[in-house]
Amino acid sequence: MALLEIRGLKTHFKTDEGWLHAVDGVDLAVEAGETVCIVGESGCGKSVTARTVLKLIDMPPGRIVAGSVLWQGRDLVPLPPREMQRIRAKEIAIVFQEPMTSLNPVYTVGEQIAESLRLHEGLSRRAALDRAVEMLQLVRIPTPERRVRDYPHQFSGGMRQRVMIAIALARNPQLLIADEPTTALDVTIQAQILELLAELKSRLGMAVLLITHAMGVVAETAQRVVVMYAGQVIEEAEVGALFARPRHPYTQGLIRSIPRIDIAATHKQRLEAIAGTVPRLIAPPPGCRFAPRCRYASAACTAATPPLREVAPGHKVACILEVAP
C-alpha cells in the first residue's frame, strides 16, 4: 500500500466567470521513503494538488469536487478540521516557496519552531526551545543557540528557507511536501537547499513530494516524476526513463528547453520554447488540453480526452500519438 495515493482528484474554484478547473482528475502515489517530483509550468495545478492533500485551500471559493486522498489507506477528503490538524505537521508537513510570507515577523524563529511542539507534543517552554535549537542545528544553521532568538528579518533568504524546513520537520513527519522551495533563491543557495532536503530525507527516512517547474531539479532529486499540464497528469515515469525517452510532446518540450552544458562548447544551439500558453481552465479546450500547442496534433486529439495509460513498465502517458522524441 502506498504511503499517499491520490485518485481522480478534482479541485475547482468558483469565480465571477465560472468554475476554474485547477485540478481536474489527478492520479498519483508516493511510496514510503520515495522522492516524487511534480513538474510543469506555472498554473498547471501543482501547488493546488499539494494544498488539497492537506486541505489548505480556501473553501469557499475552492471545492473538492471529486476523488480521494488516501493517507496510509485513510481518505482525508471527508475528515473534519480537527482531525486534519492532527495529521498536518505530525504525519504530513509542507514547506512553501516564499518563507518570508510564511514566517511571522513578530516572533523569533525559535518560538515559531517551538509552537507546534508545545501545542501538540505537550513539551514545556524550555524543552520546546531546546528542541528548536536541535532543529536549527539539523538544518545546518550556524550557532543555533544564538540564532534561535533572532527574528525572520535577521536571516537571509536561504536561511529562512532552512528555518521553514526546521519547522516542518520538528515533529518527524512521514511525508514532506516541498512546494517549489528554491524558486526565490539564487542558484548556489538552491543547490544547498536541495542537498539539505536529500540529506534529511535519507537521515530521517521520510518520503518527499517535491513540486517544481525546473527540470534540472527533477533530474538531480527525484526517483519518479509526475508531469502535469492544465490540471491533469499527462506523463509519469522513473526519472531515468523520463529523460531517456519522454513520451508526451509536452514533456519533450520541457526537456528541450533545458540548457545543455555538455554540448555548449562544441555546438551553438538555440533553446526551444513551447509555443502558445497554458489554456484558461474556466473553459478548457476539448480533448487533449495540450493539443492547441502541440506540433503533432490532429483532429483525433480534440475528439476525446486521452486516458493516462501504461506504455512501458512504470511509464504512463496520456497521448494518443505517443510520439518518439
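It should be noted that the structure appears before, not after, this text.
What this report covers is the structure whose coordinates are included nearby. Remember, predicted model here, so these are calculated numbers, not experimental data.

### Digging into the overall build of the protein
Point 1. Helices and strands together make up the secondary structure of the protein, namely 11 helices and 12 strands.
Point 2. Over its C-alpha atoms the protein spans a radius of gyration of 21 Å, differing by no more than 12% from the 20 Å that the globule rule assigns to 325 residues.
Point 3. Counting only C-alpha atoms and orienting by the principal axes, one finds that the protein spans roughly 65 × 55 × 40 Å.
Point 4. The buried share of the protein, reckoned over its 325 residues, is 47%.

### A short note on helix H7 (residues 157-169)
Point 1. With 13 residues, H7 should reach 18 Å at 1.5 Å per residue; the first-to-last C-alpha distance of 19 Å fits that figure.
Point 2. With respect to burial, H7 is a largely interior element, 10 of its 13 residues being buried.
Point 3. Residues of H7 that are buried: Gly158, Arg160, Gln161, Arg162, Val163, Met164, Ile165, Ala166, Ala168 and Leu169.
Point 4. In the core, the buried residues of H7 are packed alongside strand E6 (92-95), helix H3 (99-102), helix H4 (109-121), helix H5 (125-138), strand E7 (175-179) and helix H8 (187-204).

### Some remarks on the sheet that holds strand E12 (residues 315-317)
Point 1. Pairing in this open sheet of eight strands is mixed, and the strands run E6-E7-E8-E3-E9-E10-E12-E11 from one edge to the other. Each having just a single partner strand, E6 and strand E11 (309-312) make up the two edges of the open sheet. This sheet shows a mean twist of 20° between the axes of neighbouring strands, independent of strand direction.
Point 2. Taken together, the four bridges between E6 and E7 define a ladder with parallel strand orientation. When the bridges of E7 are listed, Val95 appears paired with Ala178.
Point 3. Helix-sheet contacts for helix H11 (residues 249-256) involve strand E9 (224-229) and strand E10 (232-238), and the interaxial angle to E9 is about 105°.

### Observations regarding the nonpolar core
Point 1. In this structure, Leu136, Ile165, Leu176, Leu200, Val225 and Val227 are the most contacted members of the largest nonpolar core, which totals 58 residues.
Point 2. Once you skip the residues sitting within four places of it in the chain, Val227 turns out to touch Val39, Gln232, Val233, Ile234, Glu235, Leu242, Tyr250, Thr251 and Leu254.
Point 3. Of all hydrophobic cores here, the second largest spans 35 residues; its members include Ile6, Ile94, Leu175 and Ile177.

### Topic: the packing of aromatic side chains
Point 1. One pass over the structure, following the stated rule, counts three aromatic pairs.
Point 2. Measuring from ring centre to ring centre gives 5.2 Å for Tyr229 and Phe290, while their planes differ by 85°; the resulting arrangement is edge-to-face. Highlighted residues: Tyr229 in strand E9 and Phe290 in the loop between H11 and E11, separated in sequence by 61 residues.
Point 3. Taking relative accessible area as the criterion, Phe290 reaches 4% and is therefore assigned buried.
Point 4. Aromatic ring contacts, followed pair by pair, group Tyr229, Tyr250 and Phe290 into a single cluster.
Point 5. Looking at Arg147, its charged tip hangs above the ring of Phe155, at a distance of 4.0 Å from the centre.

### Some details on the environment of His12
Point 1. The residue His12 is located in strand E1 (residues 4-15) in this model.
Point 2. Spatially, the C-alpha atoms of His12 and Leu321 are 29 Å apart, while their sequence positions differ by 309 residues.
Point 3. A polar atom in the side chain of His12 sits 3.0 Å from the side chain of Asp24.

### Focus: unusual backbone geometry
Only a minority of non-glycine residues have a phi that is not negative, and only a minority of peptide bonds are not trans.
Point 1. In this chain, Met59 is followed by Pro60 through a cis amide linkage whose omega measures -10°.
Point 2. Positionally, Pro60 belongs in the loop between helix H1 (46-53) and strand E4 (62-71).
Point 3. A cis amide bond links Pro60 to the next residue, Pro61, at an omega of 10°.
Point 4. Relative to the helices and strands, Pro61 resides in the loop between H1 and E4.
Point 5. One non-glycine residue, Thr143, adopts positive backbone phi at about 40°.
Point 6. Position of Thr143 relative to the elements: it lies in the loop between H5 and helix H6 (144-147).
Point 7. A relative accessible area of 41% places Thr143 in the partly exposed class.
Point 8. Phi is positive for Ala230, which is not a glycine, with a value near 55°.
Point 9. Residue classification places Ala230 among the buried residues on the basis of a relative accessible area of 0%.

### Observations concerning the packing of H4 against H5
Point 1. With their axes 8 Å apart at the nearest point, H4 and H5 run at an angle of 120° to one another. Between H4 and H5, the interaxial angle falls into the category oblique. Once H4 is placed against H5, the crossing between them reads as right-handed. Two secondary-structure elements touch here, H4 through Val109, Gly110, Glu111, Ile113, Ala114, Leu117 and Arg118 and H5 through Arg125, Ala128, Leu129, Arg131, Ala132, Met135 and Leu136.
Point 2. Looking at the contact of H4 with H5, its residues break down into nine nonpolar, one polar and four charged.

### Side note on the environment of Pro173
Point 1. Mapped onto the elements of the fold, Pro173 is located in the loop between H7 and E7.
Point 2. Those residues in contact with Pro173, other than ones at most four positions away along the chain, are Ala89, Lys90, Glu91, Ile92, Ala93, Ala168 and Met206.

Quick notes on the rules
- Residues numbered from 1 in each chain as written.
- Predicted model: local features only at pLDDT ≥ 70, side-chain atom pairs only at ≥ 80, totals over all residues.
- Heavy atoms only, no water.
- Helix = DSSP H or I, 4+ residues; strand = E, 2+ residues; numbered from the N terminus.
- Rg over C-alpha atoms; globule rule 2.2 N^0.38 Å.
- Buried < 20%, exposed > 50% of the residue type's maximum accessible area, 1.4 Å probe, protein only.
- Expected span 1.5 Å × (residues − 1).
- Contact = heavy atoms within 4.5 Å.
- Pairing = 2+ DSSP bridges.
- Axes fitted to C-alpha atoms, helices over the stretch in contact; angles between N-to-C directions.
- Core = buried A, V, L, I, M, F, W, Y, C linked by side-chain atoms within 4.5 Å.
- Phe/Tyr/Trp six-rings, centres within 6.5 Å; stacked < 30°, edge-to-face > 60°.
- Lys NZ or Arg CZ within 6 Å of the ring centre and 35° of its normal.
- Polar contact = N/O pair within 3.5 Å; in protein donor to acceptor, adjacent residues only side chain to side chain.
- Parallel < 35°, antiparallel > 145°, perpendicular 65-115°, else oblique.
- Left-handed = near helix turned anticlockwise from the far one by under 90°.
- Nonpolar A, V, L, I, M, F, W, Y, C, P; charged D, E, K, R; others polar.

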